Amino acid sequence: MKAPGIRLGPTGVALAVALVAAAVVYTPRAWVSDLGPMPDAGEYAMSARNLAHLRGFVIELLGREYPPRYPPGFPLLLAPVFWLPGATLANAIHIVAAFAVVAVVLTHALARRLGGPVAGLLAAGALLLRTEFVDWSHQVMTETATIAVATAIPVLLHRRARPDNGRQHSVLVVIGLLCGAAILLRHANVVFVPAVAAALLIDPRVRTRPWQSAIALGAGPVLALAALALYDHVTFGSVARTGYHYWVPYWHTSLAKTFSLGYAAHQPGAAALGPFGGSANLVYYGAYLVSNVSSAWFAFAAIWGAVVLVRRGNAEALSVVVYAGALTTFLYVTYALYFYQSGRFMAPLIGVFAAALGVGVTDALRMLRRHRELPMRTVTLASVACLLAFFGAIVEVRPVAGRTYIAQRVVRGVSEPASAQPISAAVAAYEQTLPRGAVAVTGLPLTLLDSLVTLGVRVVGLARTSYWASPQLEGVPVFPERAEEIARLIRAGVPVYTDAYSLAVAPSDPRYQTARAALQRFRLRPVETTRPTRLYRLDVDGPATSTSRWCSRSWCDSISGFSEPARMISANRYRR
């Protein structure tokens, strides 16, 4: 008699996928309290907190309110977590992780519809093995929410294209609403609309009723664009101006400055990090799609899956392939012409690429089972696809595991020290140490320093970076411009402090050159704090010592082990 086994239906499998995904992407807020990359993440979290507490869609800098750079969609999604007791800005990471789990479940659902249960599991696994996806799950940014929407759309397209579907119109309305929600998350997500339209045009039922389909699809995007236009008109005085014009007008004074063929063929205005960073956008994004979004190991299997779906020729599969191809094309072309370079702009594609891989590996395995009936060339290609995907999974497991909380905390027993989050540790040290009326000379993100202003501490920027470099704060002097005044304050008995994080960042960033020169006239005296970071009090009198002198990078390298993490964060904090 055969023993009964546990069999999971589709819902049970999806739940299991969700639990595995949650285990991979989960991270406690204490592990991401620095809210990288700055200043973007800090702005998202602060504006969401203000929305949650009905203070308006604003951010506070130096005690004044300003409109954020970004549209309100993502902060609205984040706002509910700030109703929780004891919420901090890092609470926003819970919503980011939740969308990451949703994205994995939707990737599983898409691949399952296209290639069966095995394809669904392989696709979910492939997505969780992308280090970029796990990294995005640990940052308060729009990537995981955008991936979830970008993957939900082809799931609905596949369902709408089925011949027996009697709710084509209502499904199309839902797709349109998702496109509108995506636009509220990020302006560039407007490319979802033409990608969906391209997928719909292959369906004869849509071509027979084009206006009805256009209205159903366009209602959501039109509502979103109208809401953004109204907000921009009220806030910035014109429907053609956004928060980008307000905060970084240099790159948005004209369309030719923001978009240019020169960025595509030569070099962008602001380059990304990494082996291809600084290359022409056409080269950078092509390499990023192959090596990061898909992974060089997985790319062949993903291409195999796309070919399988095209050869299948049914409306459901073709609608997904056309959507994926159109979305890839529109994103690639748009950002190839854009002045700013960042791999995260390709994030919407990662779910559909993983689904294609799931279909490709599943079909290749099916071919190998029938190897005696097939030509040797087909069997060889199927073997290559499976072997590359298999070895790719082995290669990717270790770096992904090193990014997960469970592997770090439970398996390896690592207890995260607060000093691993140097920005938040420095802010906490300031809050506990500085008296009212003191001055903090710092390079810490302004979006995290509103608590110091509330406590009566005067904040002086170390250099004109991030918000300090914007037109809104150009009238507020930074440290090199206030060195004489600060020296007089010190002689008058006003305590002036700086922090180890800012001192460690300064040597690695050329924008701090004038700050380094201004600091040479001051002595830095270490101040003990209850936090695993160090503050320094500036002094203009007394003998210089080896621990109080501003000198070379080697001196900064000795500051409480702060230099390396600080430099790493500095390299990422100015990404858009």
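1. A closer look at the overall build of the protein
Point 1. Helix and strand counts for the protein come out as 27 helices and seven strands.
Point 2. Radius of gyration (C-alpha) of the protein: 26 Å, near the 25 Å computed for a compact globule of 576 residues.
Point 3. Overall size of the protein, expressed as C-alpha extent along the three principal axes, is 90 × 60 × 50 Å.
Point 4. Contacts in the protein between residues far apart in sequence, at least 24 positions, make up 70% of those at least 6 positions apart.
Point 5. Here the protein has roughly 24,900 Å² of accessible surface; of this, 63% comes from carbon and sulfur atoms.
Point 6. Each charge class in the protein was averaged separately, 52 positive and 29 negative side chains, and the resulting centres sit 7 Å apart.

2. Description of a nonpolar patch on the surface
Point 1. Together, W297, L387, F390, F391, I394 and V395 line one region of the surface with nonpolar side chains, adding up to about 580 Å² of accessible area.
Point 2. Sorting elements by how many residues they give to the nonpolar patch places helix α19 (residues 376–401) first, with five residues.
Point 3. We classify W297 as partly exposed; its relative accessible area is 32%.

3. Concerning the pattern of salt bridges
Point 1. Taken as a whole, this structure holds 13 salt bridges when the rule is applied.
Point 2. E132 is the partner of R130 in a salt bridge, and the nearest nitrogen-oxygen pair spans 3.4 Å. Neither R130 nor E132 differs from the other in exposure class; each is buried.
Point 3. Two residues, R366 and D363, come together in a salt bridge whose shortest N-O distance is 3.5 Å. Note that R366 and D363 are positioned in helix α18 (residues 350–369) at a spacing of three residues, about one turn of the helix.

4. Remarks on the packing of aromatic side chains
Point 1. In this structure the tally under the stated criterion is 26 aromatic pairs.
Point 2. A ring pair is formed by F259 and Y338, whose centres lie 5.5 Å apart and whose planes are at 45°; its orientation type is tilted. With F259 in the loop between α13 (255–258) and α14 (261–265) and Y338 in the loop between α17 (315–336) and α18, the pair connects residues that are 79 residues apart, well separated along the chain.
Point 3. Judged by its relative accessible area of 32%, F259 falls in the partly exposed class.
Point 4. A centroid spacing of 6.0 Å and a plane angle of 70° characterise the contact between Y338 and F345, whose relative ring orientation is edge-to-face.
Point 5. By relative accessible area, which is 9% here, Y338 ends up buried.
Point 6. In this structure F345 comes out as buried when scored by relative accessible area, which is 6%.
Point 7. Following the ring pairs from residue to residue traces out a cluster consisting of Y250, W251, F259, Y284, Y285, Y288, Y335, Y338, F339, Y340 and F345.
Point 8. Between the NZ or CZ atom of K257 and the centre of the ring of W251, over which it lies, the distance is 5.1 Å.

5. What to know about unusual backbone geometry
Point 1. In this chain, G36 is followed by P37 through a cis amide linkage whose omega measures -10°.
Point 2. Mapping P37 onto the fold places it in the loop between α1 (10–25) and α2 (40–52).
Point 3. Residue P39 is reached from M38 by a cis peptide bond, and omega for that bond is 5°.
Point 4. Positionally, P39 belongs in the loop between α1 and α2.
Point 5. Within the chain, L54 stands out as a residue other than glycine whose phi angle is a positive 60°.
Point 6. In this structure, L54 sits in the loop between α2 and β1 (59–61).
Point 7. Of note in the backbone geometry, S295 takes a positive phi value of approximately 85° without being a glycine.

6. Some words on the environment of F57
Point 1. Its place among the elements puts F57 in the loop between α2 and β1.
Point 2. With relative accessibility at 13%, the residue F57 sits in the buried group.
Point 3. Note: C-alpha distance between F57 and M46 (11 residues apart in sequence) is 9.2 Å.
Point 4. Apart from residues no more than four positions distant in its own chain, F57 is found in contact with S47, L51, P67, P68, Y70, P71, P72, P75 and Y231.

7. Here's the deal with the packing of helix α9 (residues 192–200) against α17
Two measures define how a pair of helices packs: the angle their axes make with one another and the distance between the axes.
Point 1. Viewed as axis vectors pointing N to C, α9 and α17 meet at an angle of 145°, and their least axial separation amounts to 8 Å. Every pair of crossing elements has a handedness; the one defined by α9 and α17 is right-handed. Of the residues in α17, those in contact with F192, P194, A195, V196, A198 and A199 of α9 are S319, V322, Y323, A326, L327 and F330.

8. Looking at the nonpolar core
Point 1. Residues F133, I153, I175, F192, V196, Y323 and M346 are the most contacted members of the largest nonpolar core, which totals 99 residues.
Point 2. Here this core takes 10 residues from α18, the largest share from any one element.
Point 3. With near-sequence residues (within four places) excluded, M346 lies in contact with Y285, Y288, L289, V293, L331, Y332 and Y335.

9. Section: helix α21 (residues 422–433)
Point 1. Relative to the 16 Å expected for 12 residues at 1.5 Å per residue, α21 spans 16 Å between its end C-alpha atoms, a close match to the ideal helical length.
Point 2. Inspection of α21 places P422, I423, A425, A426, V427, A428, A429 and Y430 among the buried residues, and these make up the whole buried set.

10. Details of the sheet that holds strand β5 (residues 496–499)
Point 1. As summarised here, the arrangement of the five strands in space is β4-β3-β5-β7-β6, forming an open sheet in which the pairing is mixed. The strands lining the two open edges of the sheet, one partner per strand, are β4 (458–461) and β6 (523–527). Strand-to-strand twist of the sheet, defined as the mean angle between neighbouring strand axes without regard to direction, takes the value 35°.
Point 2. Here three bridges tie β5 to strand β7 (residues 535–539), and the two strands are oriented antiparallel to one another. Bridge pairing links T498 to Y536 in β7.
Point 3. Strand contacts of α21: β3 (439–442), β5, β6 and β7, with the helix running at about 160° to β5, the strand carrying the most contacts.

11. Things to note about the pairing of β5
Point 1. Side-chain alternation along β5 places V496 and T498 on one buried face and Y497 and D499 on a second face that is also buried.
Point 2. Note that β3 and β5 share two bridges and pair parallel. Within β5, the position partnered with V439 by the bridge is V496.

The rules behind these values
- Residues numbered from 1 in each chain as written.
- Predicted model: local features only at pLDDT ≥ 70, side-chain atom pairs only at ≥ 80, totals over all residues.
- Heavy atoms only, no water.
- Helix = DSSP H or I, 4+ residues; strand = E, 2+ residues; numbered from the N terminus.
- Rg over C-alpha atoms; globule rule 2.2 N^0.38 Å.
- Contact = heavy atoms within 4.5 Å.
- Areas by Shrake-Rupley, 256 points an atom, 1.4 Å probe, with all protein chains shown as cover.
- Lys, Arg positive; Asp, Glu negative; His and termini not counted.
- Charge placed at Lys NZ, Arg CZ, Asp CG, Glu CD.
- Patch = residues over 30% accessible without salt bridge, like charges linked within 9 Å, V, L, I, M, F, W, Y side chains within 5 Å.
- Salt bridge = Lys/Arg side-chain N within 4 Å of Asp/Glu carboxyl O.
- Buried < 20%, exposed > 50% of the residue type's maximum accessible area, 1.4 Å probe, protein only.
- Phe/Tyr/Trp six-rings, centres within 6.5 Å; stacked < 30°, edge-to-face > 60°.
- Lys NZ or Arg CZ within 6 Å of the ring centre and 35° of its normal.
- Axes fitted to C-alpha atoms, helices over the stretch in contact; angles between N-to-C directions.
- Left-handed = near helix turned anticlockwise from the far one by under 90°.
- Core = buried A, V, L, I, M, F, W, Y, C linked by side-chain atoms within 4.5 Å.
- Expected span 1.5 Å × (residues − 1).
- Pairing = 2+ DSSP bridges.

The quantities given are spatial measurements derived from coordinates; they are silent on function.
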